[in-house]
Amino acid sequence: KQKKRHMGDTKHFCPVSLKENFVLYPGLQEHAAKYKEKIYYFSTSEYRDKFLKNPEEYVAHKEPLQAPPLRVCLLGIHGAGKSTCARQIADKLGIFHIQFEEYLQELILPKTKKKVGPSSDEDREDDNKIPEELEDFSQTMTKTETEKSKQEVELTEEEEAIKANLVDNMELPPEVLDKIVPDWWKKEPFRSTGFILDGFPRTSDEARYLSERGLCPDVAVYIQVEEDDILGRLFPLRLKEWKDKRHKKKEYKKMLKELKAKKRV
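Summary of the structure given here. None of these values were measured; they are calculated from a predicted model. (Residues numbered from 1 in each chain as written. Predicted model: local features only at pLDDT ≥ 70, side-chain atom pairs only at ≥ 80, totals over all residues. Heavy atoms only, no water.)

**Focus: a negative patch on the surface**
Argument step 1. The grouping of Glu226, Glu227, Asp228 and Asp229 at the surface amounts to a negative patch.
Argument step 2. Here aspartate 229 is to be found in helix H14 (residues 227–264).
Argument step 3. Here aspartate 229 falls in the partly exposed class, since its relative accessible area comes to 44%. (Patch = residues over 30% accessible without salt bridge, like charges linked within 9 Å, V, L, I, M, F, W, Y side chains within 5 Å. Areas by Shrake-Rupley, 256 points an atom, 1.4 Å probe, with all protein chains shown as cover. Salt bridge = Lys/Arg side-chain N within 4 Å of Asp/Glu carboxyl O. Lys, Arg positive; Asp, Glu negative; His and termini not counted. Charge placed at Lys NZ, Arg CZ, Asp CG, Glu CD. Helix = DSSP H or I, 4+ residues; strand = E, 2+ residues; numbered from the N terminus. Buried < 20%, exposed > 50% of the residue type's maximum accessible area, 1.4 Å probe, protein only.)

**Re the packing of aromatic side chains**
Argument step 1. For the structure shown, the criterion picks out nine aromatic pairs.
Argument step 2. Consider the rings of tyrosine 35 and phenylalanine 51, whose centres lie 6.0 Å apart with planes at 90°: the pair is edge-to-face. Note that tyrosine 35 is positioned in strand E1 (residues 28–35) and phenylalanine 51 in helix H3 (residues 45–53), a separation of 16 residues in sequence. In this pair, the class of tyrosine 35 matches that of phenylalanine 51, namely buried.
Argument step 3. For the pair phenylalanine 51 and tyrosine 58, a centre-to-centre distance of 6.1 Å together with 40° between the ring planes defines the contact as tilted. The pair phenylalanine 51 / tyrosine 58 is uniform in exposure class, with both members buried.
Argument step 4. Taken together, Tyr35, Tyr40, Phe42, Phe51 and Tyr58 form an aromatic cluster joined through their ring pairs. (Phe/Tyr/Trp six-rings, centres within 6.5 Å; stacked < 30°, edge-to-face > 60°.)

**Notes on the environment of proline 69**
Argument step 1. Tracing the backbone through its elements, the reader meets proline 69 in the loop between H3 and strand E3 (71–75).
Argument step 2. For the pair formed by proline 69 and aspartate 218, sequence separation is 149 residues and the distance between their alpha carbons is 9.0 Å.
Argument step 3. Aside from chain neighbours lying at most four places away, what touches proline 69 is Phe22, Phe190, Arg191, Ser192, Thr193, Gly194 and Asp218. (Contact = heavy atoms within 4.5 Å.)

**Some thoughts on a positive patch on the surface**
Argument step 1. A contiguous patch of positive charge on the surface is contributed by Arg246, Lys249, Lys250 and Lys253.
Argument step 2. Structurally, the position occupied by lysine 250 is in helix H14.

**Some remarks on the pattern of salt bridges**
Pairing is possible between side chains of opposite charge, provided their charged atoms come close.
Argument step 1. The full count for this structure, using the stated rule, is 13 salt bridges.
Argument step 2. When the shortest N-O distance is used, the salt bridge between glutamate 158 and lysine 179 registers 3.2 Å. In this pair, glutamate 158 is assigned in helix H9 (residues 157–168) and lysine 179 in the loop between helix H10 (174–177) and helix H11 (182–186), connecting sequence segments 21 residues apart.
Argument step 3. Residue glutamate 158 is classed as partly exposed on the basis of its relative accessible area, which comes to 26%.
Argument step 4. Residue lysine 179 is classed as exposed on the basis of its relative accessible area of 54%.
Argument step 5. The salt bridge partner of aspartate 183 is lysine 187, with a shortest N-O separation of 3.8 Å.
Argument step 6. When its relative accessible area of 49% is taken as the criterion, lysine 187 is described as partly exposed.
Argument step 7. By sharing partners, the salt bridges in this structure join Asp178, Glu212 and Arg213 into a single network.

**So, the sheet that holds E3**
Argument step 1. Across the sheet, four strands lie side by side as E4-E5-E3-E6; this open sheet has parallel pairing. Edge strands, defined here as strands with exactly one partner in the open sheet, are strand E4 (96–99) and strand E6 (219–222). Taken pair by pair, the neighbouring strands of this sheet meet at an average axis angle of 20°, ignoring direction.
Argument step 2. Note that E4 and strand E5 (residues 195–198) share four bridges and pair parallel. Within the sheet, the bridge partner assigned to glutamine 99 lies in E5 and is aspartate 198.
Argument step 3. Together, E4 and E5 form the strand contacts of helix H5 (residues 100–112), whose direction differs from that of E4 by roughly 70°. (Pairing = 2+ DSSP bridges. Axes fitted to C-alpha atoms, helices over the stretch in contact; angles between N-to-C directions.)

**A few points about the state of the cysteines**
Argument step 1. Applying the stated criterion across every chain, the model contains zero disulfides.
Argument step 2. Cysteine cysteine 73 remains unbridged, with the sulfur of cysteine 216 as its closest cysteine sulfur at 9.9 Å.
Argument step 3. Given a relative accessible area of 2%, cysteine 73 falls into the buried group. (Disulfide = S-S within 2.5 Å.)

Right under this line is the structure:
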């Protein structure tokens, strides 16, 4: 009880991280300082020195310091049910649901015109099996329009890195992550509302990135699911996709037949 009475307003969290980054970052005993008979802990020695230069900027006055909203990282392998759980949690707590892979898709969708990745590649392979005659009949683009569409597909280095991540699971470099991830902690409406981040971080390097940038989630949840449960969840969906593709091929054949009939007339 005596220790609690003498702790600073932010308890064992760094008051400078809270004030400047709106993050509850645990302080360390080796970076402690005393102010008005209260002990404050800091995440770094630099933050401790910054506090000591102007402590009144970082302590509570008439009202208690405002705590940041809840930030959750939800992890698990593909098919574990992360997105389903994340949507339910987000609705219940009134926070944002950020599906990391979908967010990356949206960033490059204006140029790619379609989602990229292993499942999308499978779709393209099936599309390539459409008879070439159908493509000849249905082709309506002029040479100028074709060149224009090719120009629109040209991606920046940042967009190429995002595409490589989605297609080949290549890790995003820190300079690309810097343009995406910190906004969820530092910019509105996420800053004041909170979020559940679904599917990030996925590797130790990505977790280290969050730590180095001082982007601390309040909770990290890993969903562990039996392999049979994952197969049971994903197989019906894959079967439906296969049936849809078969139906699509039948429609293409029907369209080709109609186009040939029109040409004869």
